[in-house]
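Chains, contacts and geometry: an overview
Take a look at the letters that make up each chain.
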Amino acid sequence: FLTGTQAVSGLQVNVTTSATCSWTARSNVTWLTITSGVSGTGNGIVRFSAAQNTGMAMRVGTLTVAGNMVTVYQYGTAAVKYTVAPNVTIPDAN
């Protein structure tokens, strides 16, 4: 859960996998933007930001990182909190 309704940068998801395993990351909603780590091979970090939530209701967005869904909850103006789901670990594909 993100602890506020304002824009937040510097969020991250750690990717852990074998040195030869390639992966990609993408945002599934417009208010979550990947700022670095769109793709990689081996371990890596996907950094992203969340735009301000000006609505009253909490919103839920997802990132797809290495084929895994990462869920981000951002409270609306009626409540104030934030959290990012846990790191992604990719099983060794080799």
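Cut-off values and rules
Residues numbered from 1 in each chain as written. Predicted model: local features only at pLDDT ≥ 70, side-chain atom pairs only at ≥ 80, totals over all residues. Heavy atoms only, no water. Helix = DSSP H or I, 4+ residues; strand = E, 2+ residues; numbered from the N terminus. Buried < 20%, exposed > 50% of the residue type's maximum accessible area, 1.4 Å probe, protein only. Contact = heavy atoms within 4.5 Å. Areas by Shrake-Rupley, 256 points an atom, 1.4 Å probe, with all protein chains shown as cover. Core = buried A, V, L, I, M, F, W, Y, C linked by side-chain atoms within 4.5 Å.

**With respect to the overall build of the protein**
Counting its secondary structure elements, the protein contains zero helices and nine strands. Counting from the amino terminus, the protein carries its helices and strands in the arrangement β-β-β-β-β-β-β-β-β. When each of the 94 residues of the protein is scored for burial, the buried share is 38%. Within the protein, contacts between residues separated by at least 24 positions form 54% of all contacts whose residues are at least 6 apart in sequence. Of the accessible surface of the protein, which amounts to about 5,000 Å², a share of 53% is contributed by carbon and sulfur atoms.

**Looking at the nonpolar core**
Inside soluble globular proteins, nonpolar side chains tend to come together where they are buried. Ranked by internal contacts, the top residues of the largest apolar core, which has 16 residues, are L32, V46, F48, L63 and V65. At the level of elements, β1 (8–16), β2 (22–27), β3 (32–36), β5 (44–50), β6 (59–65) and β7 (68–74) are the ones that each hand at least two residues to this core. Broken down by element, this core gets its largest block of residues, four residues, from β1. Apart from the residues lying within four places of it in its own chain, the contact partners of L32 are S27, F48, S49, A50, G61, T62, L63 and V72.

Everything listed here is a matter of coordinates, which is why it stays silent on function.
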